[in-house]
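# Topology and contacts: notes
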Amino acid sequence: MTSLGPAWPERAAWGTAPSLRAWQSAALQDYLTRNPRDFLTVATPGAGKTTFALTVASELLGRRVVDRLVIVAPTEHLKQQWAEAAARAGIPVDPTYSAGAGKISSDYVGVAVTYAGVGVNPLAMRIRTERFRTLVILDEIHHAGDSLSWGEGVREAFEPAARRLALTGTPFRSDINPIPFVTYAPGEDGVPTSVADFTYGYADALKDHVVRPVLFLAYSGQMSWRTRAGDEVAASLGEPLTKDMTSQALRTALDPNGSWIPSVLAAADKRLSEVRRHVPDAGGLVIAADQDSARAYAKILKQITGESATVVLSDEKASSKRISAFSADTSRWMVAVRMVSEGVDVPRLAVGVWATTTSTPLFFAQAVGRFVRARTRGEIASVFLPSVPNLLGFAAELEAQRDHVLKRKVSNDGDIFSAEEDLMNQANAGDAASDELEAVPFEALGSEARFDHALYDGAQFGHEGEVHVGSEEEMDFLGIPGLLEPDQMRSLLRQRQEERRKTRKVAEVEEKRPADSLTDVATHEHLALLRRELNSLVASWHHRTGQAHGITHAALRRECGGPAAAVANAEQLQKRIDRIREWAVRKTS
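Computed from a predicted model, the values in this text were never measured in an experiment. (Residues numbered from 1 in each chain as written. Predicted model: local features only at pLDDT ≥ 70, side-chain atom pairs only at ≥ 80, totals over all residues. Heavy atoms only, no water.)

Regarding its fold elements, the protein presents 20 helices and 20 strands. Per-residue burial for the protein yields a buried fraction of 49% across its 589 residues. Considering only residue pairs separated by 6 or more positions, the protein has 74% of its internal contacts joining residues 24 or more positions apart. Within the structure as shown, the protein displays about 26,500 Å² of accessible surface, and the carbon and sulfur contribution to it stands at 50%. (Helix = DSSP H or I, 4+ residues; strand = E, 2+ residues; numbered from the N terminus. Buried < 20%, exposed > 50% of the residue type's maximum accessible area, 1.4 Å probe, protein only. Contact = heavy atoms within 4.5 Å. Areas by Shrake-Rupley, 256 points an atom, 1.4 Å probe, with all protein chains shown as cover.)

And the structure:
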């Protein structure tokens with residue numbers, strides 16, 4: 001596996017680059033040095049896989065190593081996007097070609113097709129591949145394992161290709177279907193694992209400022225629903241629950257008729273407004289579970305913002321145009337079901353809302369990849385999540401490098417339980433149980449949202465106790481500037497959390513103090529209590545600001561009047577106490 005160098009200062013545009021990033025240059029050099037027939041490139045979403053692949057294609061076409069190009073993409077929209085990128089790179093590609101259509105115009109050097117299209121007629125694609133020395137670019141190659149027909153079709157169609165270049169941002173799958181043209185080698189535990197020829201992970205890209213860091217904002221809350229047996233159930237999203245109850249609580253939270261999703265959408269829009277103060281064209285994306293929910297969420301966003309959201313419901317030409325239009329304009333929100341989860345390039349997306357029950361690591365990685373494409377140094381991506389354990393786990397492990405692992409073999413050491421454990425793991429790993437629950441009669445009764453915590457760089461930040469939507473504690477996170485370097489973000493999160501903790505501690509002390517504690521005591525005791533309280537607040541102010549005690553006392557005397565605290569009367573002391581509390585509130589907000 002090739003090591004990585006630092007990033008080039010210039011940022012390569014999607015599908016075309018006047019100069020390559022460091023990882024692209026290193027990968028290209030490695031490819032041209034070895035000249036392999038098969039080459040698997042694993043690069044995090046947003047790193048520039050398309051630019052690298054089209055540079056390889058241009059080199060091979062220019063050197064007459066290949067005569068034709070075939071690009072295989074997961075969706076119709078991505079097929080069109082590839083053709084546009086190839087055109088900008090000077091390679092004419094026909095995105096309207098379908099297997100079995102025969103010859104193409106001599107104006108084109110290559111074609112772009114989908115995995116589904118190849119699966120329908122792999123023989124026709126094989127004939128075309130055999131007729132010319134062909135380079136096949138397999139975009140998001142893990143999709144070739146989505147079904148046996150797709151995998152077998154891809155293998156049959158492109159087995160005779162002169163060169164095959166496989167690309168993926170997520171080389172792993174939630175199942176054990178082998179991916180065509182990918183090499184597997186046994187790992188330390190003997191399990192066959194995918195082997196990439198070149199890897200450029202999220203952590204590397206983050207260090208090189210090629211992608212944005214992501215701030216995850218998790219929301220919990222109380223949910224209530226009625227089961228098919230007529231039982232009413234109440235539970236808190238984010239608490240330890242069974243798999244079934246977690247699924248039902250999540251479905252209740254995502255119900256547009258409840259309070260959870262409108263509250264989270266309103267919070268996300270506040271965050272977007274803060275980001276747009278620094279990045280004026282920043283946009284947001286809501287990833288919905290189905291078309292009805294997507295339409296309902298769009299209506300809620302219209303009520304919140306006064307602006308219509310772009311709704312993308314299916315993989316059709318009109319939807320592709322809507323995505324392209326949203327990418328080019330400055331509108332606030334887009335709502336989509338699935339088609340914007342992978343490969344689709346909308347660089348201005350900066351805020352996301354996870355509003356779908358789909359929760360596989362593959363889908364999560366691809367969906368979050370829509371928000372990490374960097375344009376300017378300092379841009380921060382923000383993704384709002386339900387407090388569901390597996391989603392929070394994926395968020396905490398965003399920088400972890402993963403590979404596709406095939407079925408574990410029974411060892412020769414007499415491990416008679418290995419095969420059975422594999423079957424159990426397969427049953428528990430997928431979403432089969434969740435899919436079955438979707439078909440169960442179910443009625444969401446009500447929901448409310450609570451801000452839970454923020455996740456950044458694998459660390460958790462939050463305030464103790466329940467945090468209501470719209471509170472100052474929530475705004476500590478929603479109001480974070482949209483342009484910050486990663487270390488600045490980390491320091492700010494820690495600072496705000498510490499300030500809020502100290503403020504809350506002072507408030508708790510005040511709440512515990514009896515209301516009549518200053519009136520039912522002698523005058524000298526009353527004055528002593530006030531002086532101790534004032535001195536305590538001045539000391540707390542010193543820890544927050546570093547300002548010397550004497551300077552703080554002098555400032556209070558100037559603003560409130562009166563002599564030194566030692567000889568001030570009760571009214572003067574109380575004024576100074578009230579004033580320093582006002583300072584603390586203003587500094588916190």
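This part takes up the pattern of salt bridges. In total, this model carries 22 salt bridges according to the counting rule given. Each of Arg212, Asp281, Arg375 and Glu379 takes part in one network of salt bridges that share partners. (Salt bridge = Lys/Arg side-chain N within 4 Å of Asp/Glu carboxyl O.)

With that settled, consider the sheet that holds strand 1 (residues 38-43). Across the sheet, 7 strands lie side by side as 3-4-2-5-6-1-9; this open sheet has parallel pairing. Each edge of the open sheet carries a strand with a single partner, namely strand 3 (93-94) and strand 9 (198-200). Of the strand pairs in this sheet, strand 1 and strand 9 are connected by 3 bridges, and their pairing is parallel. The residue bridging Thr41 from the neighbouring strand is Phe198, located in strand 9. (Pairing = 2+ DSSP bridges.)

Looking now at the nonpolar core. One finds Trp260 and Phe384 to be the most contacted residues of the largest nonpolar core, which totals 119 residues. When near neighbours in sequence (up to four residues on either side) are disregarded, Phe384 contacts Leu217, Tyr219, Val264, Ala267, Ala268, Arg271, Val351, Gly352, Val353, Trp354 and Leu478. Of all hydrophobic cores here, the second largest spans 23 residues; its members include Val113, Val136, Val182 and Ala196. (Core = buried A, V, L, I, M, F, W, Y, C linked by side-chain atoms within 4.5 Å.)

On average, residues of the protein carry a pLDDT of 80, and 80% of them reach 70 or more. Mean pLDDT per element in the protein: helix 14 (residues 418-429) is the minimum at 36, and strand 5 (residues 134-138) is the maximum at 96. Between residues 515-519, whose pLDDT stays under 50, and residues either more than four places distant or in other chains, the model counts 6 contacts. (pLDDT = per-residue confidence, 0-100.)

Taking burial as the measure, the 6 residues of strand 16 (residues 381-386) include 6 buried ones, the bulk of the element. Here strand 16 shows no split at all, with Ala381, Val383 and Leu385 on one side and Ser382, Phe384 and Pro386 on the other all buried. In terms of strand pairing, strand 10 (residues 214-226) meets strand 16 through 6 bridges, oriented parallel. Bridge pairing in strand 16 places Ala218 opposite Leu385. With 3 bridges joining them, strand 15 (residues 349-355) and strand 16 adopt parallel strand pairing. Along strand 16, the bridge assignment pairs Gly352 with Val383. For the handedness criterion, the β-α-β arrangement of strand 15, helix 12 (residues 361-368) and strand 16 is classed as right-handed. (Right-handed = clockwise from strand over helix to strand, strands pointing away.)

The geometry of an aromatic ring pair is captured by the separation of the ring centres together with the interplanar angle, meaning the angle of the planes. Scanning the entire structure with this criterion turns up 12 aromatic pairs. On the basis of an interplanar angle of 15° and a centroid distance of 5.3 Å, the ring pair of Trp23 and Tyr200 is categorised as stacked. Taken together, the residues Trp23 in helix 1 (residues 22-34) and Tyr200 in strand 9 connect sequence positions 177 residues apart. Geometrically, the ring pair formed by Tyr219 and Phe451 is edge-to-face, given 5.4 Å between the ring centres and 70° between the ring planes. Here the residue Tyr219 occupies a position in strand 10, and Phe451 occupies one in strand 18 (residues 450-456), the gap between them amounting to 232 residues. Overall, the relative accessible area of 3% leaves Phe451 in the buried class. (Phe/Tyr/Trp six-rings, centres within 6.5 Å; stacked < 30°, edge-to-face > 60°.)

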